[in-house]
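Structure at a glance
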Amino acid sequence: MKIISAPDYQSMSRKAANIISAQVILFPDSVLGLATGSTPVGVYKQLINWFEKGDIDFSRIHSVNLDEYCGLPVEHEQSYRYYMDHNFFNHVNVPKANTNVPNGLAKDFDAECRRYDKVIAQLGGIDLQLLGIGHTGHIGFNEPDEDFDKTTHCVKLKQQTIEANSRFFANEDEVPKYALTMGIKAIMQAKKLLLIANGADKAEILYRSLFGPITPSVPASILQLHNDVTIVADEEALSVIREKCPEAIG
Ligand code: F6R
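Description of the structure in this document. Note that the structure is predicted; figures quoted are calculated from it, not measured. (Residues numbered from 1 in each chain as written. Predicted model: local features only at pLDDT ≥ 70, side-chain atom pairs only at ≥ 80, totals over all residues. Heavy atoms only, no water.)

**Some points on the site of the ligand**
Convention followed: Here a residue is considered near a molecule or strand provided that any single heavy atom belonging to it is located within 4 Å of it. Polar contact criterion, stated in full: a pair of N or O atoms within 3.5 Å, where within protein one must be able to donate a hydrogen and the other to accept it, and residues adjacent in sequence count only if both atoms are side-chain atoms. In the scheme used here, Gly and all other residues not listed as nonpolar or charged are polar, with Ala, Val, Leu, Ile, Met, Phe, Trp, Tyr, Cys and Pro taken as nonpolar and Asp, Glu, Lys and Arg as charged.
The ligand sits among 14 residues. The nearest are Thr39, Asp67, His138, Gly140 and Lys202. The contact in question runs from an oxygen atom of the ligand to an N or O atom on the side chain of Thr39, over 2.4 Å. Within the contact set of the ligand, an oxygen atom lies 2.7 Å away from a side-chain nitrogen or oxygen of Asp67. Per-class residue counts for the shell around the ligand are three nonpolar, eight polar and three charged.

In structure tokens form, the structure reads like this:
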């Protein structure tokens with residue numbers, strides 16, 4: 001596990017974008033696992049900027065996103081397909097057909113989850129998976145106390161997650177209560193993991209995830225068992241780690 005510190009959000013975004021960029025330059029056919037939420041917005045902005053300057057070519061990559069809300073049409077501004085199109089895909093040269101987000105409007109969620117697992121398998125797995133972390137320690141929408149060996153599945157979101165995500169909606173009632181998420185199993189099978197975090201509100205959960213016991217009650221704690229995981233976080237998010245185990249920060 002490598003922990004890289006950044007002074008602020010912009011620097012965190014740039015360092016993480018550098019890692020993704022290196023992956024795409026070295027391996028133009030990479031399968032990128034992508035995340036949504038507020039944390040990666042700056043990473044996508046930076047990648048778009050380098051694309052516009054001619055530094056990166058996304059034409060041969062494929063992508064699989066971690067998750068999608070159930071019940072939101074793709075035109076809904078808070079659907080993760082909308083987010084990905086507007087924050088990234090529409091601004092670079094990845095063919096839309098190469099991009100995958102679970103279908104939150106599927107009639108049969110189980111069948112959709114099996115289809116999504118097949119998509120990941122047919123692509124040969126994920127080369128680099130970008131992750132954010134929720135206040136519950138969730139990665140993707142794998143909420144606490146779920147089995148670590150799940151593949152793509154439908155989850156009931158925890159109240160804490162609904163509250164955290166209500167900032168994107170008019171009110172809490174509008175936040176979908178269910179989501180489809182890639183399972184911990186597929187995430188752990190990715191060749192490389194890149195977790196990004198910023199802000200003081202992530203400091204405690206980041207510490208517990210990376211240095212606490214490995215337990216389903218803190219889903220991100222499983223990352224301790226991955227053999228190629230890089231964390232890029234700003235100093236606020238690293239404040240508890242900085243205090244309790246400063247030697248771990250590279
Ligand atoms: C999003 C996702 C979630 C977020 C997490 C943090 O695709 O999988 O796990 O990464 O909820 O969200 P933000 O970045 O908004 O704090």
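So, next bit.
**Structural notes on the environment of Cys113**
The criterion, for reference: Labels follow the DSSP assignment, with helices taken as runs of H or I lasting at least four residues and strands as runs of E lasting at least two, numbered in each case from the N terminus. We call two residues in contact when some of their heavy atoms are within 4.5 Å.
Within the secondary structure layout, Cys113 lies in helix 4 (residues 109-122). On a C-alpha basis, the gap between Cys113 and Thr151 in space is 8.0 Å, while along the polypeptide they are 38 residues apart. Every residue in contact with Cys113, bar those within four places of it in the chain, is listed here: Thr152, His153, Cys154 and Leu180.

**Examining the side chain of Thr152**
Put simply, the rule is: Note on classification: 1.4 Å probe, protein chains only; a residue is buried when its accessible area is under 20% of the maximum for its type, exposed when over 50%, partly exposed between these limits.
Along the chain, the position of Thr152 falls in the loop between strand 6 (128-131) and strand 7 (153-156). A relative accessible area of 2% places Thr152 in the buried class. Apart from the residues lying within four places of it in its own chain, the contact partners of Thr152 are Cys113, Arg114, Tyr116, Asp117, Thr181, Met182 and Gly183.

**Side note on the packing of helix 1 (residues 9-26) against helix 2 (residues 41-52)**
Put simply, the test is: For helices, the fitted line uses only the C-alpha atoms of the stretch in contact; every axis is such a line through C-alpha atoms, and the angle between N-to-C directions lies from 0 to 180 degrees. Working definition: roughly parallel below 35 degrees, roughly antiparallel above 145 degrees, roughly perpendicular at 65 to 115 degrees, and oblique for all remaining angles. We call a crossing left-handed when the near helix sits turned anticlockwise from the far one by less than a right angle, and right-handed when that turn is clockwise.
Relative to each other, helix 1 and helix 2 sit at 55°, their axes nearing to 8 Å. Of the possible angle classes, the one that applies to helix 1 and helix 2 is oblique. Both helix 1 and helix 2 take part in a crossing whose hand is right-handed. Residue-level contacts link Tyr9, Ser13, Arg14, Ala16, Ala17, Asn18, Ile20 and Ser21 of helix 1 to Val41, Gly42, Val43, Gln46, Leu47 and Trp50 of helix 2.

**Description of the pattern of salt bridges**
Rule in force here: For this analysis, a salt bridge means a side-chain nitrogen from Lys or Arg found within 4 Å of a carboxyl oxygen belonging to Asp or Glu.
Throughout the structure, instances matching the rule amount to eight salt bridges. Arg115 serves as the salt-bridge partner of Glu112, at 2.8 Å between the closest nitrogen and oxygen. Placement of the pair is Glu112 and Arg115 together in helix 4, with a separation of three residues, close to one helical turn. Overall, Arg115 belongs to the partly exposed group, its relative accessible area being 37%. Salt-bridge contacts for Glu235 lead to Arg242; the nearest nitrogen and oxygen are separated by 2.4 Å. Residue Glu235 is classed as partly exposed on the basis of its relative accessible area of 26%. For Arg242, a relative accessible area of 36% corresponds to the partly exposed category.

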